[in-house]
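Overview (structure and organization)
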Amino acid sequence: MSWEIEEIGEDSKSEVSNKDCGGITNDVYVAVGKNDLHVLQWALDHAISPGIRICLVHIFPPITYIPSPVGKLSKSQLSREQVQAYINQESNRRKNLLEKYIRLCNDAKVPVDTVLVESKSPAKTLLDLITVVNVTSIVIGTKRSLSTIRVKKGHGVGEYVQKNAPDFCQVKVVSEGKEIKKEHVVQLKRSSNPTSLVRSKQSDRNFFECMCFSGKFN
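The name that an unreviewed UniProt entry assigns to the protein chain is U-box domain-containing protein 52, with the source organism given as Nicotiana attenuata.

Okay, structure coming up:
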């Protein structure tokens, strides 16, 4: 998972698909995107102890436009069957993506489960997930090197979550197979409105209630 933050708002909608991960704080959560095998490998090498399970977190954007021979079309321009066919196609693509991460965990003989989240705001979603599920350990990848983080304006999702996660959660940011220490991350000014980062208790309950349990891929 290696996004750059453009804007974090309060209007993101998250839907989680999870099996057994909720409420188990000893699990190590690993955020994974298209090319994060090195992030998962780092977690397996440095963050796992006997009896600990990996929970793979994959965040994907909501479907608003669908590609077609004449360009991208909004869902309202297509039939329900066409929209469902594309949704199924994307679901299979995500399954194939996650299977390579699951195989790596299986090869390391580490139990693994999956958390699928539909959201347009990855950083806010991860902060919500940490708070609602009481995640105590999460590993997030970044494409940026330490030198880039020092000089480049703006902050990646991993660095942002690391600066704003609650104290009970240990956030590890990994780049090129190496951990970026928290003291190297550029200081970010915390929001003056806590609700922009962490939802109210009622909203947290709503976030948890939207979870549907689907089981891991076989």
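**Brief notes about the overall build of the protein chain**
Counting its secondary structure elements, the protein chain contains six helices and nine strands. Taken over 218 residues, the protein chain has a buried fraction of 47%. For the protein chain, the share of sequence-separated contacts (at least 6 apart) that also reach a separation of at least 24 residues comes to 81%. Accessible surface, the protein chain as shown: approximately 12000 Å² in total, 49% of it carbon and sulfur.

**Concerning the environment of threonine 142**
Inspection of the secondary structure assignment puts threonine 142 in the loop between strand E7 (137–141) and helix H4 (146–151). Under the relative-accessibility criterion, threonine 142 is labelled buried at 5%. On a C-alpha basis, the gap between threonine 142 and glutamate 179 in space is 9.9 Å, while along the polypeptide they are 37 residues apart.

**So, the packing of aromatic side chains**
Following the criterion strictly, the structure yields zero aromatic pairs and no others. Of note, arginine 94 hangs over the ring of phenylalanine 60, and the distance from its end group to the ring centre comes to 3.8 Å.

**Observations concerning the environment of serine 137**
In this structure, serine 137 sits in strand E7. On a C-alpha basis, the gap between serine 137 and lysine 172 in space is 7.9 Å, while along the polypeptide they are 35 residues apart. The contact partners of serine 137, leaving out residues within four places of it in the chain, are Asp27, Val28, Tyr29, Cys169 and Gln170.

**Focus on the confidence of the model for the protein chain**
In this model, the protein chain carries a mean pLDDT of 76, and residues with pLDDT of at least 70 account for 66%. Confidence over residues 1–20 falls short of pLDDT 50; this stretch has 81 contacts with residues more than four positions distant or in other chains. Predicted confidence is poor over residues 184–218, with pLDDT under 50, and the contacts of this stretch with residues over four places away or in other chains come to 74 contacts.

**Some thoughts on helix H2 (residues 80–107)**
Under the 1.5 Å per step criterion, the end-to-end length of H2 is 40 Å for 28 residues, consistent within 8% with the ideal 40 Å. Taken as a whole, H2 has its buried residues at Val83, Tyr86, Glu90, Arg94, Leu97, Leu98, Tyr101, Ile102, Leu104 and Cys105. Of the surrounding elements, those touching the buried residues of H2 are helix H1 (37–46), strand E3 (54–60), strand E4 (65–68) and strand E6 (112–118).

**What to know about the pairing of strand E8 (residues 170–175)**
Most of E8 sits out of view: five of its six residues are buried. Note: E7 against E8, five bridges, orientation parallel. Counterpart to glycine 141 in the pairing with E8 is valine 174. Linking two consecutive strands that pair antiparallel, namely E8 and strand E9 (residues 178–180), is a turn of two residues; a positive phi of about 55° is found at glutamate 176 within it.

**Some thoughts on the pattern of salt bridges**
In the structure shown here, the tally under the stated rule is five salt bridges. Put simply, lysine 124 and aspartate 128 hold a salt bridge, and the shortest N to O gap is 3.4 Å. One end of the pair, lysine 124, and the other, aspartate 128, are both in helix H3 (residues 122–133), four residues apart, so they sit about a helical turn from each other. Of the residues examined, lysine 124 reaches a relative accessible area of 3% and is grouped as buried. Residues lysine 172 and glutamate 179 are paired through a salt bridge, measuring 3.2 Å at the closest nitrogen-oxygen approach. For glutamate 179, a relative accessible area of 24% translates into the label partly exposed.

Each value, and the rule that gives it
Residues numbered from 1 in each chain as written. Predicted model: local features only at pLDDT ≥ 70, side-chain atom pairs only at ≥ 80, totals over all residues. Heavy atoms only, no water. Helix = DSSP H or I, 4+ residues; strand = E, 2+ residues; numbered from the N terminus. Buried < 20%, exposed > 50% of the residue type's maximum accessible area, 1.4 Å probe, protein only. Contact = heavy atoms within 4.5 Å. Areas by Shrake-Rupley, 256 points an atom, 1.4 Å probe, with all protein chains shown as cover. Phe/Tyr/Trp six-rings, centres within 6.5 Å; stacked < 30°, edge-to-face > 60°. Lys NZ or Arg CZ within 6 Å of the ring centre and 35° of its normal. pLDDT = per-residue confidence, 0-100. Expected span 1.5 Å × (residues − 1). Pairing = 2+ DSSP bridges. Salt bridge = Lys/Arg side-chain N within 4 Å of Asp/Glu carboxyl O.

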